[in-house]
Amino acid sequence: MLEMITRQAQEKLWADFGNCLESEAAEEFLETLLNLMRIMFALNHDYRRNIKGFRGRYQFISRDRRVTMAALFDNGRMTVRETVIPDPDITITFRDGRTLIHFILSPRQDII
């Protein structure tokens, strides 16, 4: 009986560890993409024109809060933060890191 409980505890720990790694990888991937956008805004005048005069606060978050990334737009600039921000204009919530990766890599996102 004790062996079965120990095995179940180990399986749960490994599953939690795997979820943690997935979430961290998803957060790093999203952060990289957002920072590449930020660099493009800084270097490319034509690309920067897309956010001229735009102000917005985007929150990307997973239900378990293992993924917390924000993109802030103000005065033709974009800032990326790895945190939960107050008063976002839009919050995109994903079930978990795996779902976030699937969404980003999907060839056709269903965006309403």
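Look up a bit, the structure's there.
It should be emphasised that the depicted structure is a prediction, and the values quoted were computed from it without experimental measurement.

Rules used in this analysis
Here the residue numbering is sequential within each chain, running from 1 through the sequence in written order. For this predicted model, a pLDDT threshold of at least 70 governs which residues receive local features, and a threshold of 80 or more governs which side-chain atom pairs are given and counted, while totals over whole chains, interfaces and linings are taken from all residues. By convention in this description, side-chain values take in all heavy atoms of the structure and omit both hydrogens and water. Surface patches are defined over residues having more than 30% relative accessible area and no salt bridge, joining like charges when they lie within 9 Å and nonpolar side chains (Val, Leu, Ile, Met, Phe, Trp, Tyr) when within 5 Å. What sets the accessible areas is the Shrake-Rupley method with a 1.4 Å probe; for residues, cover comes only from the shown protein chains. Salt bridges are counted wherever a side-chain nitrogen of Lys or Arg sits within 4 Å of a carboxyl oxygen of Asp or Glu. In this description a helix means any DSSP run of H or I spanning at least four residues, a strand means any run of E spanning at least two, and both kinds are numbered starting from the N terminus. Throughout this description, buried means an accessible area under 20% of the type-specific maximum (1.4 Å probe, protein chains only), exposed means over 50%, and partly exposed covers the range between. DSSP bridges decide pairing: two strands pair if at least two such bridges lie between them.

Visitor: When you look at a nonpolar patch on the surface in this model, what are you seeing that I'm missing?
Guide: On the surface, Phe29, Leu33, Leu36, Ile39, Leu43 and Leu105 cluster together into a nonpolar patch covering about 560 Å² of accessible area. Per-element tally for the nonpolar patch: the top contributor is helix 1 (residues 2-43), with five residues. Tracing the backbone shows Phe29 in helix 1.

Visitor: So what exactly am I meant to see when it comes to the pairing of strand 1 (residues 56-62) here?
Guide: A regular strand places its side chains so that they alternate between the two faces of the sheet. The buried fraction of strand 1 is high, at five of seven residues. With six bridges joining them, strand 1 and strand 2 (residues 68-74) adopt antiparallel strand pairing. In the strand pairing of strand 2, Phe60 is matched with Met69. The loop that links strand 1 with its antiparallel partner strand 2 comprises five residues; one of these, Arg65, has a positive phi angle of about 65°. As paired strands, strand 1 and strand 4 (residues 90-94) are joined by five bridges and run parallel to one another. Across the sheet, residue Gln59 finds its bridge partner in strand 4, namely Thr91.

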